[in-house]
Amino acid sequence: EVTGVQTCALPICSAGRLDDALRVHTADLALCNANFPKDTDALQEATHNLAAVHGLRGDHQKAIHLEEALFTQVTLERGMDHPRTLRRALCLATARARAGDPRSELGLLKRSYARALKALGPAHGVTVDLADARATALMACPTDDSKTLGLKLFAEVLLEDALAHAEVATKREIAEIGRAHV
C-alpha cells in the first residue's frame, strides 16, 4: 500500500539516510504512477515527499522543480483559493527559501497568505502555517535598514496573531469533540 511505503520512508529519512530515503520515495512515486494513476492526491503526496528529500540532500533545484510542477498542477485542478493549492504554495516557498535567500519568496507568501485569510479565515491551519512561514522569512532578512526593521516588527505581530487564531481554533475543535462524545 502506498501509505505503507511512505510510512516506511519516514524513519529512514529521520535517521539521516537520505540516499536510502531518495530510493524509497522514488520507488513510491513509481508505484503510485503504475498502480494509482488517477489518484492525484497520492501522486501529489509522493511527489512532494520526493521533493522534500531532494531538498534535504541539497539538490534544491530538483526540489524546486518538483514543487513548482505540483503547485501548477494543483492550481489548475482546484483553483488559487483551495487549501491544497495554498499548502503547495507554502511548500514551494519553503523549497525556494531553503535554496538561498528567504526574502526571495516573500511575494508568494504574502499573496498566498492574503488568499488564505480571505478564503479560509484566520484560524485555518493553512492560514496559520502561511503566516508563520511569512513571519519566519521576514525575521530571516538582514536588519540593515529601517524598512527591514519595520518588516521584522510586522512579522512579530503577524506571528502573534497567527498563534492566537490557532489557539482559538484548537479550543473550538476540542469543544466540538467533547460535544460529539456526550
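Our subject is the structure listed above.
Residues numbered from 1 in each chain as written. Predicted model: local features only at pLDDT ≥ 70, side-chain atom pairs only at ≥ 80, totals over all residues. Heavy atoms only, no water.

Description of the overall build of the chain
Line of reasoning, step 1. Along its length, the chain carries eight helices and zero strands.
Line of reasoning, step 2. Taken from the N to the C terminus, the helices and strands of the chain come in the order α-α-α-α-α-α-α-α.
Line of reasoning, step 3. Counting over 182 residues, the chain shows a buried share of 37%.
Line of reasoning, step 4. For the chain, long-range pairs separated by at least 24 residues make up 52% of all intrachain contacts whose partners lie at least 6 apart in sequence.
Line of reasoning, step 5. Surface accessibility of the chain: about 10,300 Å² in total, with carbon and sulfur atoms responsible for 58%. (Helix = DSSP H or I, 4+ residues; strand = E, 2+ residues; numbered from the N terminus. Buried < 20%, exposed > 50% of the residue type's maximum accessible area, 1.4 Å probe, protein only. Contact = heavy atoms within 4.5 Å. Areas by Shrake-Rupley, 256 points an atom, 1.4 Å probe, with all protein chains shown as cover.)

Quick word on the packing of helix 2 (residues 18-35) against helix 3 (residues 40-56)
Line of reasoning, step 1. Interhelical geometry of helix 2 versus helix 3 gives an angle of 160° and a closest axis separation of 9 Å. As the angle between them shows, helix 2 and helix 3 are arranged roughly antiparallel. Crossing of helix 2 over helix 3 shows left-handed handedness. Touching Leu18, Ala21, Leu22, His25, Thr26, Asp28, Leu29, Cys32 and Asn33 of helix 2 are Ala42, Leu43, Ala46, Thr47, Asn49, Leu50, Val53, His54 and Leu56, all from helix 3.
Line of reasoning, step 2. Among the residues forming the contact of helix 2 with helix 3, the class breakdown is 11 nonpolar, six polar and one charged. (Axes fitted to C-alpha atoms, helices over the stretch in contact; angles between N-to-C directions. Parallel < 35°, antiparallel > 145°, perpendicular 65-115°, else oblique. Left-handed = near helix turned anticlockwise from the far one by under 90°. Nonpolar A, V, L, I, M, F, W, Y, C, P; charged D, E, K, R; others polar.)

Here's the deal with the pattern of salt bridges
Line of reasoning, step 1. Taken as a whole and judged by the stated rule, the model has nine salt bridges.
Line of reasoning, step 2. Across the salt bridge formed by aspartate 129 and arginine 87, the nearest N and O atoms sit 2.7 Å from each other. Separated by 42 residues along the polypeptide, aspartate 129 in helix 7 (residues 125-140) and arginine 87 in helix 5 (residues 83-98) bring together distant segments of the chain.
Line of reasoning, step 3. A relative accessible area of 28% places arginine 87 in the partly exposed class.
Line of reasoning, step 4. Ionic pairing is found between glutamate 105 and arginine 96, a salt bridge with its closest N-O pair at 3.3 Å.
Line of reasoning, step 5. A relative accessible area of 26% places arginine 96 in the partly exposed class.
Line of reasoning, step 6. When salt bridges that share partners are traced, they join Arg17, Asp20 and Arg23 into one network. (Salt bridge = Lys/Arg side-chain N within 4 Å of Asp/Glu carboxyl O.)

Side note on the nonpolar core
Line of reasoning, step 1. One finds Leu108, Leu109 and Leu130 to be the most contacted residues of the largest nonpolar core, which totals 23 residues.
Line of reasoning, step 2. Those elements that place two or more of their residues in this core are helix 4 (60-78), helix 5, helix 6 (106-120), helix 7 and helix 8 (146-180).
Line of reasoning, step 3. Looking at which element gives the most residues to this core, the answer is helix 7, with eight residues. (Core = buried A, V, L, I, M, F, W, Y, C linked by side-chain atoms within 4.5 Å.)

Points about helix 5
Line of reasoning, step 1. An ideal rise of 1.5 Å per residue puts 22 Å on 16 residues; helix 5 measures up with 22 Å between its terminal C-alpha atoms.
Line of reasoning, step 2. Listed in full, the buried residues belonging to helix 5 are Thr85, Leu86, Arg88, Ala89, Leu90, Cys91, Leu92, Ala93 and Ala95.
Line of reasoning, step 3. Where the residues of helix 5 are buried, they touch helix 3, helix 4, helix 6 and helix 7. (Expected span 1.5 Å × (residues − 1).)

Overview of the environment of alanine 30
Line of reasoning, step 1. Secondary-structure assignment places alanine 30 in helix 2.
Line of reasoning, step 2. The class of alanine 30 is partly exposed, set by a relative accessible area of 44%.

Here's the deal with the environment of leucine 106
Line of reasoning, step 1. Following the sequence through the fold, leucine 106 ends up in helix 6.
Line of reasoning, step 2. Residue classification places leucine 106 among the buried positions, given a relative accessible area of 14%.
Line of reasoning, step 3. Separated by 31 residues in sequence, leucine 106 and alanine 137 have C-alpha atoms that sit 6.9 Å apart.

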